[in-house]
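So the chains spell out like this:
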Amino acid sequence: MAEPFNVSGQCLCGAVTYKATATSHDVNACHCGMCRRWTGGPLLYIHVDDNPVFTGADAIGVFRSSEWGERGFCTKCGSILFWKTAGKDRYTFTAGSLDDQAGLTFTREIFIDDKPPYYDFANETERLTGAESTATYLDSSDKTE
Ligand SMILES: [Zn+2]
Ligand SMILES: [Zn+2]
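Residues numbered from 1 in each chain as written. Chains lettered and ligands numbered in written order. Predicted model: local features only at pLDDT ≥ 70, side-chain atom pairs only at ≥ 80, totals over all residues.

(A) Region of interest: the overall build of the protein. Within the protein one finds two helices and eleven strands. Ordered by position from N to C terminus, the α and β elements of the protein give β-β-β-α-β-β-β-β-β-β-β-β-α. The globule rule puts the C-alpha radius of gyration for 145 residues at 15 Å, and the 15 Å found for the protein is close to it. For the protein, the spread of C-alpha atoms along the three principal axes comes to 40 × 35 × 30 Å. Across the 145 residues in the protein, those meeting the buried criterion constitute 28%. For the protein, the proportion of contacts with a sequence separation of at least 24, taken over those separated by at least 6, is 53%. (Helix = DSSP H or I, 4+ residues; strand = E, 2+ residues; numbered from the N terminus. Rg over C-alpha atoms; globule rule 2.2 N^0.38 Å. Buried ≥ 20, exposed ≤ 12 C-beta atoms within 10 Å, placed from the backbone. Contact = placed C-beta atoms within 7 Å.)

(B) Structural view of the nonpolar core. One finds A20, V48, L81 and F93 to be the most contacted residues of the largest nonpolar core, which totals 28 residues. For this core, the secondary-structure elements that each account for two or more residues are β2 (17-22), β3 (26-30), β4 (43-47), β7 (69-74), β8 (80-85) and β9 (91-94). Ignoring any residue separated from it by four or fewer positions in sequence, one finds V48 in contact with V7, A20, T21, A22, T23, Y91, T92 and F93. (Core = buried A, V, L, I, M, F, W, Y, C linked by C-beta atoms within 7 Å.)

(C) A look at the pairing of β4. With four of five residues buried, β4 lies mostly within the body of the structure. In this sheet, β9 lies alongside β4 in antiparallel orientation, the contact comprising three bridges. Bridge pairing in β9 links I46 to F93. (Pairing = 2+ DSSP bridges.)

(D) View of the sheet that holds strand β5 (residues 53-55). Strand order in this open sheet of three strands is β1-β2-β5, and the pairing throughout is antiparallel. The open sheet has two edge strands, β1 (5-10) and β5, and neither has a second partner. Taking the axes of each pair of neighbouring strands and ignoring which way they run, one obtains an average angle of 20° across the sheet. Sheet topology places β2 next to β5; three bridges connect them, and they run antiparallel. Looking across to β5, one finds that K19 is bridged to V53. (Axes fitted to C-alpha atoms, helices over the stretch in contact; angles between N-to-C directions.)

(E) View of the environment of F63. If you trace the backbone, F63 turns up in strand β6 (residues 60-64). On the neighbour-count criterion, F63 (11 C-beta atoms within 10 Å) is exposed. Taking the C-alpha atoms as reference, F63 lies 26 Å from N6; in sequence the two are 57 residues apart. The residues contacting F63, other than those within four sequence positions of it, are E70 and R71.

(F) Examining the pairing of β9 more closely. Here β9 shows no split at all, with Y91 and F93 on one side and T92 and T94 on the other all buried. Bridge count between β8 and β9: three bridges; the pairing is antiparallel. By the bridge assignment for β9, F82 is matched with F93. Linking β8 back to β9 in an antiparallel pair, the connection comprises five residues, with G87 at a positive phi of about 75°.

(G) Quick look at the sheet that holds β6. One open sheet holds the eight strands; their spatial order is β6-β7-β8-β9-β4-β3-β10-β11, and the pairing between them is mixed. The two strands at the open ends of the sheet, each matched to only one other strand, are β6 and β11 (126-127). Two elements, β7 and β8, share five bridges in a ladder whose sense is antiparallel. Bridged to F73 within β8 is I80.

(H) Representation of unusual backbone geometry. Even without glycine at this site, N51 takes up a positive phi of about 60°. On the neighbour-count criterion, N51 (10 C-beta atoms within 10 Å) is exposed. The backbone phi angle of F111 is positive, close to 50°, even though this residue is not glycine. Examined against the element boundaries, F111 turns out to sit in the loop between β10 (105-110) and β11.

Laid out in structure tokens, this is it:
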């Protein structure tokens, strides 16, 4: 289901809201160590088109977690909102921050080789190792050099 559709979402306290165009109904999970420290569990997210529109942007904190990634959160309530490619307008939003999650489909897990053994999703998903994930998502346009 790769049909773009409009999404909206917000943080827990409502200081930050956003509107964006999702590229598909697919939900991805990232099991990497950075996402687990950031979220307390796997990061569940959707891909959106460039240039999402925010309200309350002054409440958004951004943490540069790696050479290629930035993580956005609400500085008032701590909700995590997005991961974006550093220096670009390429965003993913957390599935849990979406106002309407009814039509989503959980399709892909990345960094599956970093997943700790204490949990497994029962969904049938495409599962990529960290190396496969990096090769898929960091095409030449994303590399900083
Ligand atoms: Zn908030
Ligand atoms: Zn991750």
